[in-house]
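Here is what each chain is made of, one letter per residue.
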Amino acid sequence: MLGVDFVPCFRTGEGIAEVEAPATLVAASDDPALVAAQQKMDELRARYEREAPHEQFATPHAFRNLVWGDGAVCARLMFIGEAPGADEDRTGVPFVGRAGQLLDKMILAMGLAREEVYIANVLKTRPPNNATPTVEEARLCAPYLYEQIEIIAPEVIVTLGLPASRLMLDSTETMGRLRGHWAEFVSPGLGGIKVAVMPTYHPAFLLRSYTPENRKKIWSDLQMVMARLRGEG
Ligand code: URA
């Protein structure tokens, strides 16, 4: 196991091999629980498309593709970002642009593969000019995100950046205060599940400010997540 002072280089993947991976994070693909979860997820997506909450946004989103989510529907670890950007809008897959490539390296540095986790966003459509989601937009889309969480029932959620962290923790605090501390999300739906939440900086912020301090803070947050998934946190 790495020392707490170790800061992996997310750009090169340096140090990946040294990370002790948590036990397998996903079920086999023919697991009936997985099949049922995938069916519920497909139904939820179809309902979102019918109800189209984005049509109530004050500023319309002229998106190309809905960006619903990606990964294992029975994942023990879920990441929640902000909203799709241009690359995600083009492909319909979350976190595939530069920030996504850095997120992939962060996941690899945790000893995991992207396919083992689930990745979603607060908003499913690309805001014009990549604007930060408004509180109202987040409020309109939150019920669908909460249902995604209920279907996946992850043990840990990592919120990436301020909009996701504030929504999931119902907080108005700064990222500097929220990150690095465990919080709890209690889903408001019938499932009423409780999930541990670790807020951390958005990879786009790290790309803009790729300092040893920021890398170290994110790595420290992710190490807490890894410890928890190993049953040590
Ligand atoms: N940033 C996000 O928050 N989500 C994406 O899907 C891509 C970039």
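Refer to the structure printed above.
Here's a quick rundown of the structure. These figures come from a predicted structure and were not determined experimentally.

A few words now on the environment of P154. With respect to the helices, strands and loops of the structure, P154 is situated in the loop between α4 (135-152) and β4 (156-160). As for P154 and F79, which are separated by 75 residues in sequence, their C-alpha atoms are 9.9 Å apart. When sequence neighbours within four positions are dropped, the list of residues in contact with P154 reads A75, R76, L77, M78, I149 and V195.

Our next topic: the site of the ligand. If you check the shell around the ligand, you find G81, E82, A83, E88, P94, F95, N121 and H202 and nothing else. For the ligand, an oxygen atom lies 2.7 Å from a polar atom in the backbone of E82. Coverage of the ligand by the protein chains reaches 90% of its 240 Å² of free accessible surface. More than half of the atoms belonging to the ligand lie within 2 Å of the grid points that define the largest pocket.

As a volume, the largest pocket reaches approximately 650 Å³. Taken together, 26 residues make up the lining of the largest pocket; nearest its centre are E82, A99, H202, A204 and R208. When grouped by side-chain class, the residues that make up the lining of the largest pocket number 14 nonpolar, seven polar and five charged. Reported here for the second largest pocket is a volume of approximately 360 Å³.

All right, on to the sheet that holds strand β2 (residues 77-81) then. Spatial ordering of the open sheet is given by β1-β3-β2-β4-β6-β5, a layout of six strands whose pairing is mixed. The outermost strands of the open sheet, each flanked by one partner alone, are β1 (70-71) and β5 (183-186). Against the sheet, helix α8 (residues 212-229) contacts β2, β4 and β6 (194-200), and its axis sits at roughly 160° relative to β6.

Scanning the model with the defined rule gives four aromatic pairs in all. Seen from their ring centres, Y48 and W68 are 5.7 Å apart, and the 65° between their planes marks the pair as edge-to-face. Within this pair, whereas Y48 is found in helix α1 (residues 32-51), its partner W68 is found in the loop between α1 and β1, the two being separated by 20 residues in sequence. Pairwise contacts between aromatic rings join Y48, W68 and Y144 into one cluster. In this structure, K124 packs its charged tip against the face of W68, placed 5.2 Å from the ring centre.

Bringing unusual backbone geometry into the picture now. Among all residues except glycine, the phi angle is most often negative; among peptide bonds, the trans geometry is most common. Unlike most non-glycine residues, A52 shows phi in positive territory, near 40°. With respect to the element layout, A52 can be found in the loop between α1 and β1. Located in the positive-phi region is N129, a residue other than glycine, with phi close to 55°. The topology assignment puts N129 in the loop between β3 (118-121) and α4. You can call N129 exposed: its relative accessible area is 77%.

Under the definition given, this model contains 11 salt bridges. A salt bridge links E136 to R139; the nearest nitrogen and oxygen atoms lie 2.9 Å apart. Placement of both E136 and R139 in helix α4 is noted, with a separation of three residues, approximately one turn of the helix. On the basis of relative accessible area, E136 is assigned to the partly exposed category, the value being 41%. One continuous salt-bridge network, built from bridges that share partners, spans R47, E51 and E147.

Turning next to the environment of M198. The topology assignment puts M198 in strand β6. Put simply, M198 and G180 are 18 residues apart on the chain and 6.7 Å apart in space, counted from C-alpha to C-alpha. Among residues more than four places away in sequence, those in contact with M198 are I157, V158, T159, G180, H181, W182, D221, M224 and V225.

Each value, and the rule that gives it
- Residues numbered from 1 in each chain as written.
- Predicted model: local features only at pLDDT ≥ 70, side-chain atom pairs only at ≥ 80, totals over all residues.
- Heavy atoms only, no water.
- Helix = DSSP H or I, 4+ residues; strand = E, 2+ residues; numbered from the N terminus.
- Contact = heavy atoms within 4.5 Å.
- Near = heavy atom within 4 Å.
- Polar contact = N/O pair within 3.5 Å; in protein donor to acceptor, adjacent residues only side chain to side chain.
- Areas by Shrake-Rupley, 256 points an atom, 1.4 Å probe, with all protein chains shown as cover.
- 1 Å grid on protein atoms, 1.4 Å probe; cavity = no way out; pocket = protein on both sides within 12 Å on 5 of 7 lines; lining within 4 Å.
- Sits in = over half its atoms within 2 Å of the grid points.
- Points joined across faces, edges and corners; volume = space filled by probe spheres on them.
- Nonpolar A, V, L, I, M, F, W, Y, C, P; charged D, E, K, R; others polar.
- Pairing = 2+ DSSP bridges.
- Axes fitted to C-alpha atoms, helices over the stretch in contact; angles between N-to-C directions.
- Phe/Tyr/Trp six-rings, centres within 6.5 Å; stacked < 30°, edge-to-face > 60°.
- Lys NZ or Arg CZ within 6 Å of the ring centre and 35° of its normal.
- Buried < 20%, exposed > 50% of the residue type's maximum accessible area, 1.4 Å probe, protein only.
- Salt bridge = Lys/Arg side-chain N within 4 Å of Asp/Glu carboxyl O.

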